[in-house]
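# Residue-level structural notes
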Amino acid sequence: MEAQIPAPIGLLAELTHRCPLGCPYCSNPLALDGREGELATAEWKRVLNEAAALGVLQVHLSGGEPLARRDLVEIVSHCAGLGLYTNLITSGIGMNARLARALADAGLDHVQLSIQDADAASADKIAGYNGAFAKKREVAALITAEGFPLTVNAVIHHANAARAGAMVRLALALGARRVEIAHVQYYGWAVPNRAQLMPTRAEAEAAVTEVEELKRELAGQIVIDHVIPDYHARYPKACMGGWGRRTLNITPLGKALPCHAAETIPHLAFWNVRDKSLAEIWQQSPAFAAYRGTAWMNETCRTCERREIDHGGCRCQALALAGDAAATDPVCYKSPHHGRLVEIMALEAGRAEAPYHYRRVPARAPV
């Protein structure tokens, strides 16, 4: 069986859950990992060695905010020595000219910078950080000055959907070669903020139309990757390219996950890189095997002509909406649970009056 499992091509290294921003749609779990238990530099280097040996090609350095790690430059340099392509996923908070130069010298390949809105006041409110918008403009200039390819990432929701197109144009003005427009997915911190974040269907459709028109207008100037909102789709997306098929996540404490939200599925036990090699985890972990292939599927998915296209949709979304991680993703119009999704949208879409529940790392435990 092991020989039939293709090697992963990507590794998301969540170096820390520490982050100066409090984005209410953050995909990190509600129970954030504290600094004390984070994998040490030597442990990350061993994991990266194993990743390269396993066949991983790309490492996405993420968090939280990876710039909070003092060993980030050392980790980047180690990846470069292994021939791993590195993508830094950052809020930009903590970046300066000296660090940008050091990362370039270490061999960093690419930077992905998040923005929260094209309007400064709204962007700072969403981030829960005064001055975030201005800082991001400054950081974008530092990144492009060093010659890094820049991707801008913007998450669309009720508060900023009317400016989806403006965020694409902002990305272009910042010197980005690519912009990712992704509508909120309701995992992690987006769950307690769902009523505040969920756009109405009219808002979502207007944003989709505007971004799709800009794809045509700005072709050749900037690449626009547009992730259509799940809740307004006819079919679900192939989450992560299929469970345990292409990528894996390592949390700050060393847990290996098939996707960033997998810990929401309570019956799965996740092996830790402190106890098992990455190859053992990828090939033998029951959590990775749980939803690989099609054998786990119920009748709706197993006999569907799209079973090898969307792989049954998102397991975490199925759990969140249907109460069963093995259910057909309720986004799919064929799902017997689709009505629950329609009900949620009718009750919650466009209710943005309540304050956000901002994500915050717990204070460090006393020594």
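Here the structure is shown first, and the text comes after it.
Notes on the structure follow. (Residues numbered from 1 in each chain as written. Predicted model: local features only at pLDDT ≥ 70, side-chain atom pairs only at ≥ 80, totals over all residues. Heavy atoms only, no water.)

## A closer look at the packing of helix α2 (residues 72–82) against helix α3 (residues 97–106)
Two elements in contact, α2 and α3, have axes separated by 8 Å at closest approach and are oriented at 20°. The orientation of α2 relative to α3 falls into the category roughly parallel. For the crossing formed where α2 meets α3, the hand is right-handed. On α3, the residues touching Leu72, Val73, Val76, Ser77 and Ala80 of α2 are Leu99, Ala102, Leu103 and Ala106. Along the lines of polarity and charge, the residues of the contact of α2 with α3 split into eight nonpolar, one polar and no charged. (Axes fitted to C-alpha atoms, helices over the stretch in contact; angles between N-to-C directions. Helix = DSSP H or I, 4+ residues; strand = E, 2+ residues; numbered from the N terminus. Parallel < 35°, antiparallel > 145°, perpendicular 65-115°, else oblique. Left-handed = near helix turned anticlockwise from the far one by under 90°. Contact = heavy atoms within 4.5 Å. Nonpolar A, V, L, I, M, F, W, Y, C, P; charged D, E, K, R; others polar.)

## Here's the deal with the sheet that holds strand β4 (residues 110–115)
Note: strands within a sheet are paired through backbone hydrogen bonds, in either parallel or antiparallel orientation. The strand order β7-β6-β5-β4-β3-β2-β1-β8-β9 describes an open sheet built from nine strands, whose pairing is mixed. Each having just a single partner strand, β7 (223–227) and β9 (256–257) make up the two edges of the open sheet. Across five bridges, strand β6 (residues 178–183) lies against β7 in parallel orientation. When the sheet's bridge partners are listed, Glu180 is paired in β7 with Asp225. Across the sheet, α2 lies against β2 (58–62) and β3 (85–90), angled at about 175° from β2, the strand it touches most. Contacts from helix α8 (residues 201–217) reach β5 (150–156), β6 and β7, with the element oriented near 155° to β7. (Pairing = 2+ DSSP bridges.)

## A short note on the environment of Asn160
Note on placement: Asn160 falls in the loop between β5 and α6 (164–173). Along the primary structure Asn160 and Ser122 are separated by 38 residues, whereas in three dimensions their C-alpha atoms are 7.8 Å apart. When residues no more than four places from it in sequence are discounted, the contact partners of Asn160 are Gln116, Asp117, Ile126, Val155 and Met167.

## Describing the nonpolar core
Counting residues in each nonpolar core, the largest one holds 63 residues, and the members touching the most others are Leu11, Val59, Leu61, Leu103 and Ile250. Apart from residues lying up to four places away in sequence, Leu103 is in contact with Leu72, Val73, Val76, Leu88, Met95, Leu108 and Phe148. (Core = buried A, V, L, I, M, F, W, Y, C linked by side-chain atoms within 4.5 Å. Buried < 20%, exposed > 50% of the residue type's maximum accessible area, 1.4 Å probe, protein only.)

## Here we look at unusual backbone geometry
Following Gly63, the chain continues into Gly64 via a peptide bond in cis, with omega recorded as 15°. Secondary-structure assignment places Gly64 in the loop between β2 and α2. For Met240, which is not glycine, the phi dihedral falls at a positive 60°. Relative to the elements of secondary structure, Met240 occurs in the loop between β7 and β8 (247–250).

## Comments concerning the side chain of Thr328
Mapped onto the secondary structure, Thr328 falls in the loop between α12 (315–322) and α13 (338–348). At 3.2 Å, the side chain of Thr328 and the side chain of Asn298 are in polar contact. (Polar contact = N/O pair within 3.5 Å; in protein donor to acceptor, adjacent residues only side chain to side chain.)

## A few points about the pattern of salt bridges
Across all of its chains, the model carries 21 salt bridges by this definition. With its nearest N and O atoms 3.4 Å apart, the salt bridge here joins Arg201 to Glu205. Here Arg201 pairs with Glu205, and both are found in helix α8, just four residues apart, close to one helical turn. Of the charged contacts in the structure, one is a salt bridge between Arg245 and Glu308, with a shortest N-O distance of 3.6 Å. Linking Arg245 in the loop between β7 and β8 with Glu308 in the loop between α11 (299–302) and α12, this pair joins segments that are 63 residues apart in sequence. Taking relative accessible area as the criterion, Arg245 reaches 24% and is therefore assigned partly exposed. By sharing partners, the salt bridges in this structure join Arg18, Glu38, Arg69 and Asp71 into a single network. (Salt bridge = Lys/Arg side-chain N within 4 Å of Asp/Glu carboxyl O.)

That's the geometry; what it means functionally is another story.
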